[in-house]
Each structure stands twice: as structure tokens, then as C-alpha cells.
Amino acid sequence: AGGVVLGKSADKLFSLSGLFAVYKPKGPTSAGVLNLLKERLLAEAGVQTNGNKRNQVLKIGHGGTLDSAAAGVLVVGIGKGTKMLRTMLAGSKKYTAIGLLGKATDTLDATGKVTEEKPYDQITKGDLENVLQKFTGDIMQVPPLYSALKKDGERLSTLMKRGEAVEAKPARPVRVYSLSLQQFQPPLFTLDVECGGGFYVRSLVSDIGKELSTCATMQELTRTKHGPFTLEEHTLYEDKWTIDEIARSLEHCTSLLPGEPSHKKLKTEHPGETAVSCE
């Protein structure tokens, strides 16, 4: 560190390497959560960060964006672990989502403007369960307009907010391993979804609404599992964002991960859409 003598905790921080999971609450962006985590760790290690040099100080990244309005498992790579994050993007994820029948919004979730309202009282639990079968397996999905997908290097959501016309991305193949209805209390319904990379749960909720001849929007989303990391077992809440807790978690999580991941296979998955992930 340029001739600066670092203390023990800084040495320990910079020797951390691997993948672990943190809890992302509703509200902040995934990048915001990562910045807060980074600040905490550097402050604990007593490392002075001057201006924008801090990014070179500590290598840290996440394995797939969760929307601001969503909560749950955010996989974080630190040190050499940042190289393993690409494999996380393609890994399977589990979500619990609450949908609202009878309303559609421009963002497909509760943060957007209502664009449509339709009656939904005719829909039964059976109707919903039958429709879910259509969305299980290998399906085609059109990603939301408000999303982290990019056009000419800018996020679609940024372009939309500036009022620029954004064409819908073409439908693309996505995989749904399992989909089940947990609760139905009209207008609300709760789904458990397990899906592959590049899948948008809010598109699913919207598509289910259309399939039922009404409309639907996602009210709440929680990622309960990402790859081998689960919300119950592996996720560090903010009070545990310390060097020692992360070191312990990295040790515990190493056993969850496969051997050296091969990066070559993954590069071809969505060319040109590196930072794509689920909600």
C-alpha cells in the first residue's frame, strides 16, 4: 500500500478471498449495498480512502443485480472471488414474489405508474395454478423496459427515465425449474419461483396477468437462494458486516462451491449483456 504500514485487520481484509452472501434490504440499489459494505470494511481496517482511489483499494463485486425494490440474497465476491462472479450470473436463483391482480404499471412493479386497471374477481385459485404450468420449463420471455439491460452502453431504465423512446428487447429463452402458488388472497397471490440466469420475475407476474385476461404487477420480491447460497443459512445481515464475520463466512462457503470454475463456457451465454441478471 505505497509504503503505508497497515495494521493486522487491514492485512486480514486484503487477504480475504472468495464468495459470500449479504442481505440486501428493500430500498437501496445493489451497487449502493456494495459501496456501504466496502466503506464499512475499509473503515474497520483503518484504511484511508482518498476520493475515487478507493476502488483500487479493495476488490469487491456482486454476482447479479437485485432491483432496488427487491430484497434478499446478494452474492458478493472479494479478492480472487470477483473472478467467480460470472458463474453466479448463470446459476439458478429462487424467489418468493407477491403479485397483485387487476393493476399494471410501467415498471411492472410497485414503484411504477399505474397504466391499466382490470377486473379480477372472476379468477379462481385453480385458474392461477393452471396458468403456472405454461410458464414452467424452457420458455420465451420479453425483458421489462425498465431494466438493467443496456442499449448503446446505457441502461434501459436510465433511457426510459430520460423520456427516450426505448424499443422492447426481443423475447429470449429463459428457464423456469419450478413455479408454485403459495397463497391466493385476491387480489394478492404469492409465488415461489426457481429460475436460471437472465430471468425477470416481474415479467413473469405481468405475463401471468395477461394470460388470465386481466393484468398483474409485482408488489414484493425476495431472493431466497442464489446458487448454493440461501437466505436462512448463509446470508450476512448488516450487523455482521465485519472482517471476522466475513472471514468466517468465506471459510464456511468454500465448501459450497464447485472446484475451479471454467469461465470459457459462460462467456457465450449472453454476449454483450455482461451484467444481466434477475430482478
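Conventions we followed
- Residues numbered from 1 in each chain as written.
- Predicted model: local features only at pLDDT ≥ 70, side-chain atom pairs only at ≥ 80, totals over all residues.
- Heavy atoms only, no water.
- Helix = DSSP H or I, 4+ residues; strand = E, 2+ residues; numbered from the N terminus.
- Buried < 20%, exposed > 50% of the residue type's maximum accessible area, 1.4 Å probe, protein only.
- Contact = heavy atoms within 4.5 Å.
- Areas by Shrake-Rupley, 256 points an atom, 1.4 Å probe, with all protein chains shown as cover.
- Pairing = 2+ DSSP bridges.
- pLDDT = per-residue confidence, 0-100.
- UniProt positions renumbered as here; feature names shortened; annotations may be inferred.
- Polar contact = N/O pair within 3.5 Å; in protein donor to acceptor, adjacent residues only side chain to side chain.
- Core = buried A, V, L, I, M, F, W, Y, C linked by side-chain atoms within 4.5 Å.

1. Some points on the overall build of the protein chain
A count of helices and strands for the protein chain gives 10 helices and 14 strands. Among the 279 residues that make up the protein chain, the fraction classed as buried is 47%. Restricting the contact set of the protein chain to residue pairs at least 6 apart, pairs at least 24 apart contribute 73%. As displayed, the protein chain has an accessible area near 14100 Å², and 51% of this comes from carbon and sulfur atoms.

2. With respect to the pairing of strand E3 (residues 71–78)
Looking down a regular strand, the side chains alternate between one sheet face and the other. Of all 8 residues making up E3, 8 are buried, and the element is well covered by its neighbours. Here 3 bridges tie strand E2 (residues 60–62) to E3, and the two strands are oriented antiparallel to one another. Opposite His62, over in E3, you have Val76 as the bridge partner. Sheet topology note: the E3/strand E12 (residues 216–226) ladder contains 2 bridges and is parallel. Each residue of the ladder has a partner; that of Gly72, found in E12, is Arg223.

3. Brief notes about the confidence of the model for the protein chain
For the protein chain, the mean per-residue pLDDT works out to 88, and 88% of the residues sit at or above 70. Segment residues 261–279: pLDDT under 50, and 46 contacts once partners within four positions in sequence are set aside and those in other chains are kept.

4. Some words on the UniProt feature "domain: tRNA pseudouridylate synthase B C-terminal" (unreviewed entry) in the protein chain
Here, the residues flagged by UniProt with the feature "domain: tRNA pseudouridylate synthase B C-terminal" (unreviewed entry) are residues 202–236. Here residues 202–236 runs as 40% helix and 43% strand, with 26 Å between its end C-alpha atoms.

5. Topic: the side chain of His234
Among the structural elements, His234 can be located in helix H8 (residues 231–234). At 3.5 Å, the side chain of His234 and the backbone oxygen of Pro228 are in polar contact. With residues up to four places along the chain from it excluded, the contact list for His234 reads Ala21, Pro228, Phe229, Ser249, His252, Cys253 and Leu256.

6. A short note on the nonpolar core
Ranked by internal contacts, the top residues of the largest apolar core, which has 29 residues, are Leu179, Phe189, Leu191, Val193, Phe199, Leu204 and Ile208. Secondary structure elements with two or more residues in this core: strand E4 (93–101), helix H5 (125–134), strand E10 (172–185), strand E11 (188–195), helix H7 (201–211) and E12. The contact partners of Val193, leaving out residues within four places of it in the chain, are Lys93, Lys94, Tyr95, Val176, Ser178, Leu179, Phe199 and Leu204. Membership of the second largest hydrophobic core comes to 23 residues, among which are Leu16, Leu74, Ile243 and Leu250.

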